[in-house]
Amino acid sequence: MLTDTLQLFVLNASRQFGEQVARWLGVAPAAHEEREFGDGEHKARALDNVRGNDVFVVQSLHGDGNFSVNDKLCRLLFFIGALKDAAAARVTAVVPYLAYARKDSKTNPRDPLTLRYIATLFEAVGTDSLLTLDAHNLAAFQNAFRCGTEQLDGANLFAKHFMPLLHDSEVVTVSPDTGGAKRANRFRKCLEAGLGKPVGTAFCEKYRKADKLTGELLVGEVAGKTAILYDDMVNSGHTLARAAQACRQQGATRVFAAASHGLFSPGAAHVLNGAGLDAVVVTDSVAPFRQDQSLPEHLTVLSCSALFAEAIRRMHNGGSVSELSAW
């Protein structure tokens, strides 16, 4: 039986982000412990009673200097399993960045469908629902899981950031590849609504084979305009850098890049710094300042913790999460 009690657990690897979510919710993170063993194994358990409660667990699945993606995934799965064994009525995994979501289709013979396998793991430990920000492919994400899924859209968050910079210029949103065109169009609509004027659209040609990028075509008018590249993530930086250079070559006066998840793998800062970008904007779905990490110049980090807190509140109270796209 589900009680009225909302509990928020924050695993140690996402402590800073989770505590921000807790503050927005007006609750204290529930007590838990995480123990390490000398052979590399670990365990985590709730210290507070969870029986019958509506439980949310925060853990973003990105690698850092302390834990790999796989470490964090295992810790989250094991903890969810322990919560269900302790009779939690409902457990929601709050995963700001969902790892392995990029591999959602077979592009080569005998390719894995990794997103589907990840979904199976969450379901196996009893996860009732998963909440994330800007899944790589929304349709694939929704279809991979048999448990409940909720995706938060970062378009309004970015639109509110950029609007004060755009009133005196013509604007065009640019998808750095054709696969992200729908995502960039949602962002364009948010900008149009906020600015009260038309916003153009463009996209870049991109082909990937064995981590090599090709394709030079830019479709859309960017000359004399402010171009905002919009994507779900920035990892190596090459996709955004190629798109930024194409916009500059076609006469864009300013070029910004926005991506929900700032992974910034080694070398990304160097690639982006040489791309002619006026600024790079990401959210804190991935911890922005990590060990031994180099970040690009002119980086702005927007907090999405309030967005997650509101989504959790609505999920607990039976409200609409989809309406947050206009929040």
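Quick notes on the rules
- Residues numbered from 1 in each chain as written.
- Predicted model: local features only at pLDDT ≥ 70, side-chain atom pairs only at ≥ 80, totals over all residues.
- Heavy atoms only, no water.
- UniProt positions renumbered as here; feature names shortened; annotations may be inferred.
- Helix = DSSP H or I, 4+ residues; strand = E, 2+ residues; numbered from the N terminus.
- Polar contact = N/O pair within 3.5 Å; in protein donor to acceptor, adjacent residues only side chain to side chain.
- Contact = heavy atoms within 4.5 Å.
- Axes fitted to C-alpha atoms, helices over the stretch in contact; angles between N-to-C directions.
- Parallel < 35°, antiparallel > 145°, perpendicular 65-115°, else oblique.
- Left-handed = near helix turned anticlockwise from the far one by under 90°.
- Nonpolar A, V, L, I, M, F, W, Y, C, P; charged D, E, K, R; others polar.
- Phe/Tyr/Trp six-rings, centres within 6.5 Å; stacked < 30°, edge-to-face > 60°.
- Buried < 20%, exposed > 50% of the residue type's maximum accessible area, 1.4 Å probe, protein only.

Going by an unreviewed UniProt entry, the protein chain carries the name ribose-phosphate diphosphokinase and comes from Massilia agilis. The record held by UniProt for the protein chain lists under Catalytic activity (unreviewed entry) the comment "D-ribose 5-phosphate + ATP = 5-phospho-alpha-D-ribose 1-diphosphate + AMP + H(+)".

(A) Quick look at the side chain of Thr127. Along the chain, Thr127 turns up in the loop between helix H3 (114-124) and strand E6 (129-133). Engagement of the side chain of Thr127 in a polar contact is seen with the backbone oxygen of Phe122, the distance being 2.8 Å. In this view, Thr127 contacts Ile80, Val91, Ala93, Phe122 and Cys147; residues no more than four positions away in its chain are not counted.

(B) Examining the packing of helix H5 (residues 155-162) against helix H6 (residues 181-195) more closely. Between H5 and H6, the shortest axis-to-axis distance is 9 Å and the interhelical angle comes to 45 degrees. Considering their axes alone, H5 and H6 lie oblique with respect to each other. Taken as a pair, H5 and H6 cross one another with a handedness that is right-handed. Seen from H5, the contacting residues are Ala155, Asn156, Phe158, Ala159 and Phe162; seen from H6, they are Arg186, Phe187, Cys190 and Leu191. Grouping the constituent residues of the contact of H5 with H6 by class yields seven nonpolar, one polar and one charged.

(C) A look at the packing of aromatic side chains. The full count for this structure, using the stated rule, is eight aromatic pairs. Judged by centre distance (5.3 Å) and plane angle (75 degrees), the rings of Phe9 and Phe79 are edge-to-face. Placement of the pair is Phe9 in strand E1 (residues 6-10) and Phe79 in helix H2 (residues 69-85), with a sequence separation of 70 residues. You'll find Phe9 and Phe79 in the same group, each marked buried. Taking the centre distance of 5.6 Å and the plane angle of 85 degrees together, the rings of Phe158 and Tyr230 count as edge-to-face. Of this pair, Phe158 sits in helix H5 while Tyr230 sits in strand E13 (residues 226-234), placing them 72 residues apart in sequence. For the pair shown, Phe158 and Tyr230 are each scored as buried. Three or more aromatic residues joined by ring pairs make a cluster, and in this case those are Phe158, Phe162, Phe187, Tyr230 and Phe256.

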